Amino acid sequence: MGTYAAVVLAGGAARRMGGVDKPALPVGGRPMRDRVLAAVADATPRVLVGPPGIVPDGVLVIREDPPGGGPVAATAAGLALLDPDTALVALLAADLPLLTRSAIGDLLTQLTLEGVGAVPAGGGAPPAPPARMGVAGSEQRPDGACFVDADGRRQSLCGVWRVAALRAGLDRLAAERGGSLAGAPVRALLAGLVVREVPWSGDGAPPWFDCDTDEDVRRAEEWAR
């Protein structure tokens, strides 16, 4: 697949879980953020954006500006640590404890496909549909690939993206918002990007499953057994 980087976003407030350090919660005996970082162990570099803490060796840590400024501000902070020639980046939430290297490989493959829909995702999913930006049938080169759930909702923070496209989106959004990215939604960052939507129907738990509640953590524990 070639070299790719990974930016893992771990600065959320976890309001629905009482403000705990959600990425540090264990699933299967390991903090969720460590499980996400393990899924991208071959990425160079691996960047964790969030509060300082104990992380695996070799992982770079940076805080978004302002702290708690949201996923778009965190994305900007993470991308700032990448070399200028880095072409691809996995952009991931830190609360995806069921993410696997195989799932990341599917996304990388789908992003770099020549043509449309040649490789099944997840070992059993149907071929990927054409890349699109809300208009069915577009066959432009995708700017990113992300999983979609069974209802067709994009899991944008479980995706792989072209760094140049994300940087262009950050520049556009900053200009629109008077220079501040704090509080900007991810959908605004990705607006206008051509996205290859990758369905998942492989064996096991969906890699995009995120843990927003205590019940989600319990479900992830059951899947991780």
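This structure is a prediction, so every number in the text was calculated from the model and none was measured.

What follows covers the overall build of the protein. When you go through the protein residue by residue, the secondary structure sums to 6 helices and 9 strands. Contacts spanning at least 24 positions in sequence make up 66% of the contacts within the protein whose residues lie at least 6 apart. Of the roughly 10,200 Å² of accessible surface on the protein, a fraction of 52% belongs to carbon and sulfur atoms.

To continue, consider unusual backbone geometry. With an omega of -10°, the peptide bond running from T44 to P45 counts as cis. Between D65 and P66 the backbone carries a cis peptide bond, its omega angle lying at 0°. Mapped onto the fold, P66 is located in the loop between β5 (59-62) and α2 (71-79).

Once that is clear, we can look at the packing of α2 against helix α4 (residues 163-176). Close contact between α2 and α4 brings their axes to 11 Å; oriented N to C, the two are set at 130°. With respect to each other, α2 and α4 are oriented oblique. As for how α2 packs across α4, the hand of that crossing is left-handed. On the side of α2, the interface is formed by V72, A76 and L79, while α4 contributes L166, R167, L170 and L173.

Here we come to the packing of aromatic side chains. Per the counting criterion, the structure on display carries 2 aromatic pairs. Residues F147 and W200 carry aromatic rings whose centres are separated by 5.6 Å and whose planes lie at 90° to one another, so their mutual orientation is edge-to-face. Of this pair, F147 sits in strand β7 (residues 144-148) while W200 sits in the loop between β9 (195-199) and α6 (214-224), and the two are 53 residues apart along the sequence. Judged on exposure class, the residue F147 and its partner W200 are both buried. For the pair F209 and W223, a centre-to-centre distance of 5.0 Å together with 80° between the ring planes defines the contact as edge-to-face. One end of the pair, F209, is in the loop between β9 and α6; the other, W223, is in helix α6, and 14 residues separate them in sequence.

Segments scoring low in pLDDT should not have their predicted coordinates read at a detailed level. A residue-level look at the protein finds 84% of positions with pLDDT of 70 or above and a mean pLDDT of 86. The spread of mean pLDDT over the elements of the protein runs between α6, the lowest at 91, and strand β6 (residues 88-93), the highest at 98. Counted against residues more than four places away or in other chains, residues 116-127, with its pLDDT under 50, gives 33 contacts. Long-range and interchain partners of residues 133-138, a stretch whose pLDDT sits below 50, account for 9 contacts in this model, where long-range means more than four residues apart.

By secondary structure assignment, the location of D149 is in the loop between β7 and β8 (154-162). A polar side-chain atom of D149 sits 2.9 Å from the main-chain amide nitrogen of D151. One polar contact links the side chain of D149 to the main-chain amide nitrogen of R153, over a distance of 2.9 Å. Leaving out residues up to four positions away in the same chain, D149 has contacts with Q155 and W208.

Quick notes on the rules
- Residues numbered from 1 in each chain as written.
- Predicted model: local features only at pLDDT ≥ 70, side-chain atom pairs only at ≥ 80, totals over all residues.
- Heavy atoms only, no water.
- Helix = DSSP H or I, 4+ residues; strand = E, 2+ residues; numbered from the N terminus.
- Contact = heavy atoms within 4.5 Å.
- Areas by Shrake-Rupley, 256 points an atom, 1.4 Å probe, with all protein chains shown as cover.
- Axes fitted to C-alpha atoms, helices over the stretch in contact; angles between N-to-C directions.
- Parallel < 35°, antiparallel > 145°, perpendicular 65-115°, else oblique.
- Left-handed = near helix turned anticlockwise from the far one by under 90°.
- Phe/Tyr/Trp six-rings, centres within 6.5 Å; stacked < 30°, edge-to-face > 60°.
- Buried < 20%, exposed > 50% of the residue type's maximum accessible area, 1.4 Å probe, protein only.
- pLDDT = per-residue confidence, 0-100.
- Polar contact = N/O pair within 3.5 Å; in protein donor to acceptor, adjacent residues only side chain to side chain.

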